[in-house]
Amino acid sequence: EEILAAYRGSYRLTLEPRPAGGIRTGRPRPVSAAPRPDPPAPAGPPTRPEGVSETALRLWELMDGRIWQADALAAAAGIPAAGLMAALTELELTGFITSHPGRRYSRAR
């Protein structure tokens, strides 16, 4: 909600005059040309995840601050692909890791 609040009011609907016998149309137009403020940074996760599965905890401990390919992470942890993706999803939804393009993952900062 903080992110939405930061952008609220950046655009508004302006109505153009109704053409004779026509329907009024609206187009979003910027309020100003000023750049949008950066959204507030979310609060960082605790240093060690709590309330996650053992597999998710093992993966989080294995991630050492670098970006990991999913396949390399599965091989290093000895976890099958299905279990890996479930644990990665769990960690991502709880905010402990961040996903990157190309099925790559890292600890959340």
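Our subject is the structure that appears above.
Residues numbered from 1 in each chain as written. Predicted model: local features only at pLDDT ≥ 70, side-chain atom pairs only at ≥ 80, totals over all residues. Heavy atoms only, no water.

Draft legend 1. Focus on unusual backbone geometry. Look at arginine 103: it is not a glycine, yet its phi comes out positive at around 55 degrees. Along the chain, arginine 103 falls in the loop between strand 4 (97-100) and strand 5 (104-107). (Helix = DSSP H or I, 4+ residues; strand = E, 2+ residues; numbered from the N terminus.)

Draft legend 2. View of the nonpolar core. Of all hydrophobic cores here, the largest spans 19 residues; its most connected members are Leu59, Met63, Leu73, Leu84, Leu88, Leu91 and Ile97. When contributions to this core are tallied by element, the ones reaching two or more residues are helix 2 (54-62), helix 3 (70-77) and helix 4 (81-93). When sequence neighbours within four positions are dropped, the list of residues in contact with isoleucine 97 reads Trp60, Met63, Leu88, Leu91, Glu92, Tyr105, Ser106, Arg107 and Ala108. (Core = buried A, V, L, I, M, F, W, Y, C linked by side-chain atoms within 4.5 Å. Buried < 20%, exposed > 50% of the residue type's maximum accessible area, 1.4 Å probe, protein only. Contact = heavy atoms within 4.5 Å.)

Draft legend 3. Representation of the pairing of strand 4. Across four bridges, strand 4 lies against strand 5 in antiparallel orientation. Residue histidine 100 lies in a different strand from strand 5, and its bridge partner there is arginine 104. Hairpin connection, strand 4 to strand 5: the antiparallel pair is bridged by three residues, and glycine 102 has positive phi, about 85 degrees. (Pairing = 2+ DSSP bridges.)

Functional significance is not addressed by these values, which are geometric in nature.
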